[in-house]
Amino acid sequence: MGASMMKTPTEEPGFVRDENGFIMPTVENFYKYCGERKLMGVKCKGCGEILWPPRGICPKCFSYTVEWMEFKGKGKLLTYTIIHFPPSQFLALAPYAVGILKLEEGPQLPGMIKNLKLEDLRIGMNLEVDFEGSVPKEWPRWPRYFFKPVS
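Attention here is on the structure that accompanies the text. (Residues numbered from 1 in each chain as written. Predicted model: local features only at pLDDT ≥ 70, side-chain atom pairs only at ≥ 80, totals over all residues. Heavy atoms only, no water.)

1. Things to note about helix α1 (residues 27-34)
Turning to α1, its buried residues are Asn29, Phe30, Tyr31, Tyr33 and Cys34. Of the surrounding secondary structure, the elements contacted by the buried residues of α1 are β1 (40-44), β3 (66-70), β7 (126-131) and β8 (145-149). (Buried < 20%, exposed > 50% of the residue type's maximum accessible area, 1.4 Å probe, protein only. Helix = DSSP H or I, 4+ residues; strand = E, 2+ residues; numbered from the N terminus. Contact = heavy atoms within 4.5 Å.)

2. Some remarks on the pattern of salt bridges
Opposite charge on two side chains permits pairing when their charged atoms draw close. Enumeration according to the criterion identifies 8 salt bridges in this entry. In this structure, the salt-bridge partner of Lys74 is Glu128, at a minimum N-O distance of 3.5 Å. Here Lys74 is found in strand β4 (residues 74-83), whereas its partner Glu128 is found in strand β7, with 54 residues between them in sequence. Residue Lys74 is classed as partly exposed on the basis of its relative accessible area, which comes to 31%. In this structure Glu128 comes out as buried when scored by relative accessible area, which is 10%. With a closest N to O distance of 3.0 Å, Asp130 and Lys148 form a salt bridge. Here Asp130, found in strand β7, pairs with Lys148, found in strand β8; they are 18 residues apart in sequence, far enough to count as distant. In this structure, Asp130 and Lys148 share a single accessibility class: buried. (Salt bridge = Lys/Arg side-chain N within 4 Å of Asp/Glu carboxyl O.)

3. Re the sheet that holds strand β2 (residues 50-51)
Strand order in the open sheet made by the 3 strands is β2-β1-β3, with antiparallel pairing throughout. The open sheet is flanked by β2 and β3, the only strands paired with a single partner. Across 5 bridges, β1 lies against β3 in antiparallel orientation. Bridging from a neighbouring strand, Gly41 pairs with Met69 of β3. (Pairing = 2+ DSSP bridges.)

4. With respect to the nonpolar core
Core analysis: the largest hydrophobic core is formed by 28 residues, its most contacted members being Phe30, Leu39, Leu109, Val129, Tyr145 and Phe147. Counting residues per element, the ones that place at least two in this core are α1, β1, β3, β5 (96-103), β6 (108-113), β7 and β8. Ranked by residues supplied to this core, first place goes to α1 with 4 residues. In this structure Leu39 touches Phe30, Met69, Glu70, Phe71, Gly73, Leu103, Leu109, Val129 and Phe131, once residues within four positions along its chain are discounted. (Core = buried A, V, L, I, M, F, W, Y, C linked by side-chain atoms within 4.5 Å.)

5. Digging into the packing of aromatic side chains
For the structure on display, the rule yields 7 aromatic pairs. Plain terms: the ring middles of Phe15 and Tyr33 are 4.8 Å apart, the flat faces sit at 55 degrees to each other, and that makes the pair tilted. One end of the pair, Phe15, is in the segment before α1; the other, Tyr33, is in helix α1, and 18 residues separate them in sequence. For the pair Phe15 and Tyr33, a shared accessibility class is recorded, and that class is buried. Taking 5.5 Å as the distance between ring centres and 75 degrees as the angle between the ring planes, the aromatic pair formed by Phe30 and Trp52 counts as edge-to-face. A residue pair is termed long-range when its members are at least 10 positions apart, and Phe30 in helix α1 and Trp52 in the loop between β2 and β3 qualify at 22 residues. This pair shows no difference in class: Phe30 is buried, exactly as Trp52 is. An aromatic cluster is built from Phe30, Tyr31, Trp52, Tyr145 and Phe147, whose rings are joined through pairwise contacts. (Phe/Tyr/Trp six-rings, centres within 6.5 Å; stacked < 30°, edge-to-face > 60°.)

Structure follows, in structure tokens:
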């Protein structure tokens, strides 16, 4: 595929790989990394741009040479909303908050906000990424990340 990506051990099952064995920069592989409790993005080797969601071509310099990088998982809350009438899969969680976290590395990540009272949410507060302990049996069936107050 032409993209240069971080190679990982062959024990890692289920990753989508190119013909050279490199883990491809796909959203599917992003969620497989989440299953390993790793928050990953892609960095362009041509210009240094950090890309999320992961993709194989840099939108800034159009380079195909990208590599996986692990984010620290910390950032500031840019905005949020409180969901009172959710889709049926999330009905038991309502009301709950979702927001956009600006990571220290630059990308902005959407996600659910947990482990704090809704009235304590503030724009600009420091949050960090954590991961659910198991993969849901219903849609969406991928490992989930969420935001929580910095511990």
